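Per-entry structural report
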Amino acid sequence: MRPKFIVDTNVGRLARWLRMMGYDALFINEIDDRQLVAIGLKEKRVVLTRDTQIMQRRVVTSGKLKALLVRGDDTKDQLRQVVKAMNLDCEQRQFTLCLECNQPLVRRRKEEVKDLVPPYVFQTQSRYVECPSCHRIYWRGTHWQRMKRELETLMEEAEE
Ligand SMILES: [Zn+2]
């Protein structure tokens, strides 16, 4: 089963990358440790944190709540660490979740997005997905491709 995550505020930037790879990564602003732990337990999420105090909690040391202590300040180093430690798959479900809301994206027919995307995009792209929560439309444009390339580079480095 694919792990689900809850990302602590001190490693919040990991959430977007995990979502990009299709991993459910919950991120809540201004959450305290107690809430973080409670949600992790309730929703069986792996806690990603830089907070050593969380790692020392009995619920974590006993193995009841899975948590990973993330090291370093660089988001990409952090992501490499998480991918390795959790043996994540970066390919299969890329761009299936909204990067902002963590919601599964829904396929949209081209005609449905005609008035929602720039004319140039409409002319050149045929596949679209929409977030049911924020209604952002995603397509395989340059931004998508750039993120995909970054992810590929990252994963090559992780394998070294
Ligand atoms: Zn969204």
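As the structure is a computational prediction, the values presented were derived from the model and not from experiment.

**Points about the pattern of salt bridges**
Under the counting rule described, the total for this entry stands at 11 salt bridges. For glutamate 100, the salt bridge identified is with arginine 16, shortest N-O distance 2.5 Å. A residue pair is termed long-range when its members are at least 10 positions apart, and glutamate 100 in the loop between helix 5 (75-86) and strand 5 (106-108) and arginine 16 in helix 1 (residues 14-20) qualify at 84 residues. By relative accessible area, which is 41% here, glutamate 100 ends up partly exposed. Taking the shortest distance from any N to any O, the salt bridge between aspartate 77 and arginine 80 comes out at 2.5 Å. Of this pair, aspartate 77 and arginine 80 both sit in helix 5, separated by three residues, roughly a single helical turn. Beyond isolated ion pairs, a larger network of salt bridges with shared partners links Asp24, Glu43 and Arg45.

**Thoughts on the sheet that holds strand 5**
Within a sheet, adjacent strands bond to each other through the backbone by hydrogen bonds, running parallel or antiparallel. Spatial strand order, 5-6-7: three strands in an open sheet with antiparallel pairing. Looking along the sheet, the strands with just one partner apiece sit at the ends: strand 5 and strand 7 (137-139). Adjacent strand axes in the sheet meet at a mean angle of 40°, parallel and antiparallel pairs treated alike. Bridging between strand 5 and strand 6 (residues 128-130) involves three bridges; their strand directions are antiparallel.

Rules and cut-offs
Residues numbered from 1 in each chain as written. Predicted model: local features only at pLDDT ≥ 70, side-chain atom pairs only at ≥ 80, totals over all residues. Heavy atoms only, no water. Salt bridge = Lys/Arg side-chain N within 4 Å of Asp/Glu carboxyl O. Helix = DSSP H or I, 4+ residues; strand = E, 2+ residues; numbered from the N terminus. Buried < 20%, exposed > 50% of the residue type's maximum accessible area, 1.4 Å probe, protein only. Pairing = 2+ DSSP bridges. Axes fitted to C-alpha atoms, helices over the stretch in contact; angles between N-to-C directions.

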